[in-house]
Amino acid sequence: MRRKLTTGLLFLLTMATPGVALAQVDPETKVIVDTLWVMVTAFLVFFMNAGFALVESGLCRAKNAVNILAKNFIVFAASSIAFWAVGFALMFGNGNSIVGLSGWFLGGADNSPAMADAYQGVFAALNWTGVPLYAKFFFQLVFAGTAATIVSGAVAERIKFSSFILFSFILVAVIYSLGGHWAWGGGWLAGMGFADFAGSTVVHSVGGWAALAGVIFLGARTGKYLPNGTVRPIPAHNMTSATLGGLILWLGWFGFNPGSTMAADPGAIALIALNTNMAAAAGCLAATATAWVMLGKPDLSMIINGTLAGLVAITAPCNAVTVGSSVIIGLVAGVLVVYAVLFFDKVKIDDPVGALSVHLVNGMFGTLAVGLFATDGGLFFGGGFGKTMTQAIGIVAVGAMTFSLSSIAWLLLKATIGIRVSKEEELEGLDTGEHGMEAYAGFVQAQEMRAEVI
Amino acid sequence: MRRKLTTGLLFLLTMATPGVALAQVDPETKVIVDTLWVMVTAFLVFFMNAGFALVESGLCRAKNAVNILAKNFIVFAASSIAFWAVGFALMFGNGNSIVGLSGWFLGGADNSPAMADAYQGVFAALNWTGVPLYAKFFFQLVFAGTAATIVSGAVAERIKFSSFILFSFILVAVIYSLGGHWAWGGGWLAGMGFADFAGSTVVHSVGGWAALAGVIFLGARTGKYLPNGTVRPIPAHNMTSATLGGLILWLGWFGFNPGSTMAADPGAIALIALNTNMAAAAGCLAATATAWVMLGKPDLSMIINGTLAGLVAITAPCNAVTVGSSVIIGLVAGVLVVYAVLFFDKVKIDDPVGALSVHLVNGMFGTLAVGLFATDGGLFFGGGFGKTMTQAIGIVAVGAMTFSLSSIAWLLLKATIGIRVSKEEELEGLDTGEHGMEAYAGFVQAQEMRAEVI
Amino acid sequence: MRRKLTTGLLFLLTMATPGVALAQVDPETKVIVDTLWVMVTAFLVFFMNAGFALVESGLCRAKNAVNILAKNFIVFAASSIAFWAVGFALMFGNGNSIVGLSGWFLGGADNSPAMADAYQGVFAALNWTGVPLYAKFFFQLVFAGTAATIVSGAVAERIKFSSFILFSFILVAVIYSLGGHWAWGGGWLAGMGFADFAGSTVVHSVGGWAALAGVIFLGARTGKYLPNGTVRPIPAHNMTSATLGGLILWLGWFGFNPGSTMAADPGAIALIALNTNMAAAAGCLAATATAWVMLGKPDLSMIINGTLAGLVAITAPCNAVTVGSSVIIGLVAGVLVVYAVLFFDKVKIDDPVGALSVHLVNGMFGTLAVGLFATDGGLFFGGGFGKTMTQAIGIVAVGAMTFSLSSIAWLLLKATIGIRVSKEEELEGLDTGEHGMEAYAGFVQAQEMRAEVI
């Protein structure tokens, strides 16, 4: 009866003070619209696999295109099994503040879509969203898959196919899910107020740290850094792919961020979608201008990566900042990414597609940006340093854990099946060596491209 | 007043027994959310046209790319007109147990979104879904278009453009719609309990049987099977296309299967989407492993086709099986598709893209899988052989009808305008012969590719 | 209390007279479903950026692909900033019948989602849709971005990158928004009953007029029209791109037209989606047939452009005509576009991708079609010439304004930073000159392609 009364009062309230957003609808209806929103946005995030596949393969060489496409295709299959069997339980299963310990293979009690105190089951950390368990899992799965895909770009053009699949499995099953438990699964970071709405840290910088470890243990591509100190540019083979991939990722982010409400809350999703878009736009323009000034011309890969940088940076703060702040965050991200690309080349960290500059650097920046720009408690909005310090703690903690565990995983793989293809295979291209086929049969490729890299 | 009471009781019920899924919402609201779901998922299925276009063109040669793209583009236009004018009436129009006989050009009485007994009109077979007639039609149209597209892949690289358009028109207007009437339009298969939730048989194996007939009457591509018994591999020209296409199809299947509820039922769509994804993932991994073992390397086209095989197989049972069963169904599909590809080459059935292995073989398997894995009455769940037998009858009946009528259609076309391009045109490429243009002007192609196939 | 009663009565009504479409739902629920629909369709329209990028780059030469992709990528970023800062205020801000004058940077009072008389704020022209302000803005932004993208295609392969970005900014900030105010923002055209539901004029012909001005001041591409009167065909470099782009646009139009309801109205969105599809299908088939007859073969670029022509033409009338009329409108559009392409080449208006034939010619035709085919007041439905005359006035007024202001903008740019690249740069390709990179590094291009165009 109380609900009826509340609804009536709310209705009167709307008439009296138009413009008040009402979130209260029939509980049955709410489950439906929330589920629709979660599923549709999950589909968009799933589609980001295509975006990553195209950006990464497009920015690398034709001789490795099949390998890169295959990695990006199979990684979501591996992630699906890993997250279903183990990862989701570690991340959202009831347990302690360090790790979840129940819900393997989606088993165990669960009375979703019951919410809050009415929820009874082993995934209590997700009791704030009123959708069926399988919708919760599916939405979280497409996020887990994203983290694994990020690694792919940084280790491209020299990693063994089998090692990449195994590392992806470990990352999704354990490492990603552990960090996710801390921040989203009711773990200790959540407890201290760490805020990462859609995953600048949980997804993007985790992918970035895992990738950084991989790059360090793999080493640079043959011919990238010459003995005389020259950094040799290795040109992209298909900018059509890279551009389409960038636009697909921009589209996918409209699932990634607004979908992280996991509820069809009109005011929130409109704000988040707009913030997401404005940061992307600002990042795009800022990176274009920065590249134009620093490199002399507006490089298309910088235009794309600037946009992605803006998107990564707004991922954590998208629900907590104004539209104006989103533009500023995007501008900073767009400048940062260009400098980061130049920096990584200076220190001979060979990242073929700029994944570290986009996901690691701007994942960290975006997470900090919550502390700086949040209208509720951010430093620039009169909230003092507290929020920013909490964010910094989360960044460091998740980063240290991810880098350490990833290093162990990479070293184990290196000591057993090996992680790098032979030099001969690398020169010939991984497509032939790993898959026995070429990406563009019939098209004549300039042979000097292959010879030159020795 | 009764509704208010019901709602109140339902609300109390939720509180008392949390987790009970409630489907009862305001009838006005239900029409809205159901229509949103049907439209959005229909858009996703529509997008599968792009997926098919890319997979098929990517796996064939550059000299035929324009032709393949043109076929895949125009086929949906032709299907739209054919299904509007004739097909929808034959499939869903009131009639007898063999064929629908009313509703040409979407005409005739229809009081949708009224449902069940309240429905009055000529499309009574669709009175279980409460959306406007045009939404019903649009959703069914994108399915009909899919069936026609499947044929395209198997007959690629030697079929005349005009004949393909005409065959597509006949398939969608008559053959597909006839089988659809039997299973989904209130026909005799529906009457005996044949279960094909989203169309493993109605869409995929129908496309496969029509394609098989086409391949038989067309013959193999010149140079594919050499007189000395060698099977000559004809390499794919663009694996970027094929991979992107595969991911678009995976995305589209999230419309295909969950949308087939034609209602925004939270529990059902979450289960179906997850089952769809897990079968795809399992199919991907199983085909990769099988290809690795049997062919020595993880062939990317097998990775893609394994995923599609899992998707086709889960299409019929997606609403009726557990997540665990979906993984098993996907694993079987992924193994099946590799063996099927090798089998068809052995018997010299030349299918350039593996459409028969994916859609025909796994369409049949998926339909059988309902009988085996259904939690309600499946053989492995204690239900005996009855359900499986019913499924087998449906597979055989629809297959025999489709293969027979398709053969007649292909033979009529062969006897009149011809179905195969000249050998000279085939060697030069259909792009020049059929369309007077090339797909990649300016790119140098290896000439021996063309000479060799003589 | 009145609402409860109304709902109860409506419920009884549904039971009594099944099939009556009910639009009345809880106001809270309505805001949610309307916002879901607006956001999802806005995402689809956003994705059209990818479609335009692929169609345009695919239909041009490889040496200009990076430039075209970069233009199409950055144009939405520039549009986002321009429309946020200025355009939206000019278009929808309260003002006079010529121009909006409030709401810069989305500032000013606004109590959305309150509707109609309950609305209080500076964007009164949008008070007919009950979604949050940011959802309104985001939906309108993706439309504004589309107009700018249309220009890109017509001026391709010779425009300076910097000039294009500046022109796009001006177009979206001022010119587009001015025309939009007249028709959609409560301006004088709206006042006289001008009907352009989703923007055949407001978006497409505006883009077309701005493009026409650009083409005139830029001149034709070097080597296109030879001194001896020959029109030299310049072949497309990537028909895979163009076809995928065409299908993405077709998909995006399911956001463009049905989303323009800005409300989840089941009957309307089903009708509009179906009309959109049938016009596309008819345009596709008509252009195919016309090209086959006139040019001897079914040219794939005509097949794609015919579909787009049907889509542009149905954009204005999609909500006001029958399914049968949509087919006729599509057929006319498909014939028109082929003749228009030939016409523009005859008068030496060099439009590399047919943007004028698709968007300008069919934008005008589609707007007129409302006057001819509207079931409520159209000429062919017994309504006399009045409606058609109003439509013609709108076409001419918006066209004259857009062409004039665009000409001024182009001339200002020409007089300052210049609008055309040097002849040397054009011959070498804009990718090297403007961006310092190539689209397909490693692929051997036929050198005669470059030499020949001198």
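Please read these numbers as outputs of a predicted model, since none were measured by experiment.

Rules used throughout
Residues numbered from 1 in each chain as written. Chains lettered and ligands numbered in written order. Predicted model: local features only at pLDDT ≥ 70, side-chain atom pairs only at ≥ 80, totals over all residues. Heavy atoms only, no water. Helix = DSSP H or I, 4+ residues; strand = E, 2+ residues; numbered from the N terminus. Rg over C-alpha atoms; globule rule 2.2 N^0.38 Å. Buried < 20%, exposed > 50% of the residue type's maximum accessible area, 1.4 Å probe, protein only. Areas by Shrake-Rupley, 256 points an atom, 1.4 Å probe, with all protein chains shown as cover. Lys, Arg positive; Asp, Glu negative; His and termini not counted. Charge placed at Lys NZ, Arg CZ, Asp CG, Glu CD. Phe/Tyr/Trp six-rings, centres within 6.5 Å; stacked < 30°, edge-to-face > 60°. Lys NZ or Arg CZ within 6 Å of the ring centre and 35° of its normal. Contact = heavy atoms within 4.5 Å. Buried area = accessible area lost by both parts, 1.4 Å probe. Salt bridge = Lys/Arg side-chain N within 4 Å of Asp/Glu carboxyl O. Least-squares fit on C-alpha atoms with pLDDT ≥ 70 in both. Core = buried A, V, L, I, M, F, W, Y, C linked by side-chain atoms within 4.5 Å. Patch = residues over 30% accessible without salt bridge, like charges linked within 9 Å, V, L, I, M, F, W, Y side chains within 5 Å. pLDDT = per-residue confidence, 0-100.

(A) View of the overall build of chain A. On a plain count of helices and strands, chain A comes out with 16 helices and zero strands. Whereas a compact globule of 454 residues would reach a radius of gyration of roughly 22 Å, chain A reaches 22 Å, a difference of no more than 12%. Along the longest, intermediate and shortest principal axes, the C-alpha atoms of chain A span 80 × 50 × 45 Å. Of all 454 residues assigned to chain A, the portion counted as buried reaches 69%. A total of about 12900 Å² of accessible surface is found on chain A, and carbon and sulfur atoms cover 69% of it. Within chain A, the 23 negative side-chain charges are centred at a point lying 4 Å from the centre of the 21 positive side-chain charges.

(B) The arrangement of the packing of aromatic side chains in detail. This model, assessed by the stated rule, comprises 90 aromatic pairs over all chains. Plain terms: the ring middles of F83 of chain B and F88 of chain B are 5.7 Å apart, the flat faces sit at 70° to each other, and that makes the pair edge-to-face. Residues F83 of chain B and F88 of chain B agree in their burial class; the two are buried. With a centroid separation of 5.1 Å and 75° between ring planes, the pair formed by F443 of chain B and Y440 of chain C is classed as edge-to-face. Of the two residues, F443 of chain B is situated in the loop between α15 (430–435) and α16 (448–452) and Y440 of chain C in the loop between α15 (430–435) and α16 (448–452); the pairing between them involves two chains. Residue classification places Y440 of chain C among the buried positions, given a relative accessible area of 5%. Joined through ring pairs, the aromatic side chains of W37, W250 and F254 of chain A together with F43, F46, F73, F76 and F138 of chain C make up one cluster. Its guanidinium or amino end placed over the ring of F164 of chain B, K71 of chain B lies 5.0 Å from that ring's centre, counting from NZ or CZ.

(C) Spotlight on the environment of W104 of chain C. All names here are of chain C. Structurally, the position occupied by W104 is in the loop between α3 (65–92) and α4 (133–154). For W104, a relative accessible area of 39% gives the class partly exposed. For the pair W104 and W184, spaced 80 residues apart in sequence, the C-alpha to C-alpha distance is 18 Å. Ignoring any residue separated from it by four or fewer positions in sequence, one finds W104 in contact with W84, A85, V86, A89 and L90.

(D) Representation of the interface of chain B and chain C. Taken together, the 61 residues of chain B in the interface contact 62 residues of chain C. In this assembly, chain B packs against chain C so that about 5200 Å² is buried in total across both faces, 80% of it on carbon and sulfur atoms. Our count for the contact surface shared by chain B and chain C stands at zero salt bridges. Sorting the residues of the side of chain B that touches chain C by element identifies α1 (2–16), α2 (27–59), α3 (65–92), α4 (133–154), α5 (161–184), α8 (239–256) and α15 of chain B as the ones contributing at least two each.

(E) Spotlight on the relation of the copies chain B and chain C. Overlaying chain B with chain C gives an RMSD of 0.0 Å, the required rotation being 120° about an axis along which the chain moves by 0.0 Å. Classification of the inter-copy transformation places it as that of a three-fold axis. Minimal C-alpha separation from the rotation axis in chain B is found for V444 of chain B, amounting to 3.3 Å. Counting the interface residues of chain B, we find that no more than 18% of their copies in chain C are interface residues as well, pointing to two distinct contact surfaces.

(F) The arrangement of the pattern of salt bridges in detail. Taken as a whole and judged by the stated rule, the model has 21 salt bridges over all chains. Note that K30 of chain B is salt-bridged to D34 of chain B, the shortest N-O span being 2.7 Å. Separated by four residues within a single helix, K30 of chain B and D34 of chain B lie in helix α2, roughly one turn from each other. Given the relative accessible area of 2%, D34 of chain B is considered buried. We note a salt bridge from E157 of chain C to R221 of chain C, for which the minimum N-O separation is 2.3 Å. Of this pair, E157 of chain C sits in the loop between α4 and α5 (161–184) while R221 of chain C sits in the loop between α7 (200–218) and α8 (239–256), and the two are 64 residues apart along the sequence. Each of the two residues, E157 of chain C as well as R221 of chain C, counts as buried. The structure contains a network of salt bridges with shared partners spanning R61, E157, R221 and D350 of chain A.

(G) Spatial organisation of the relation of the copies chain B and chain A. The two copies are related by a screw operation: chain B maps onto chain A through 120° of rotation and 0.0 Å of translation along the axis, at an RMSD of 0.0 Å. Here only 16% of the contact residues of chain B are again contact residues in chain A; the copies associate through non-equivalent surfaces.

(H) View of the nonpolar core. With 487 residues, the main nonpolar core has Y176 and M239 of chain A, Y176 and M239 of chain B together with Y176 and M239 of chain C as its most contacted residues. In contact with M239 of chain C, not counting residues within four places along its chain, are V66, L69, M437, E438 and A439 of chain B together with L59, L300, S301 and I304 of chain C.

(I) Here's a closer look at unusual backbone geometry. Following S112 of chain A, the chain continues to P113 of chain A via a peptide bond in cis, the omega torsion being 5°. Checked against the element boundaries, P113 of chain A lands in the loop between α3 (65–92) and α4 (133–154). Located in the positive-phi region is E157 of chain B, a residue other than glycine, with phi close to 75°. For E157 of chain B, a relative accessible area of 0% puts it in the buried group. Phi at L106 of chain C takes a positive value of approximately 60°, unusual for a residue other than glycine. Relative to the helices and strands, L106 of chain C is located in the loop between α3 and α4.

(J) Highlighting a nonpolar patch on the surface. Residues and elements named next belong to chain A. Judged by side-chain polarity, W292, V293, M294, L295, V335, Y339 and L342 come together as a nonpolar surface patch covering roughly 630 Å² of accessible area. Elements supplying a minimum of two residues to the nonpolar patch: α9 (266–295) and α11 (323–346). Sort the elements by how many residues they give to the nonpolar patch and α9 lands first, with four residues. With respect to the helices and strands, the residue L295 is situated in helix α9.

(K) Region of the structure containing the confidence of the model for chain A. When the pLDDT values of chain A are averaged, the result is 93; 93% of them are 70 or greater. Under a pLDDT of 50 for its full length, residues 448–454 of chain A has, in the predicted model, 14 contacts with residues more than four places off or in other chains.

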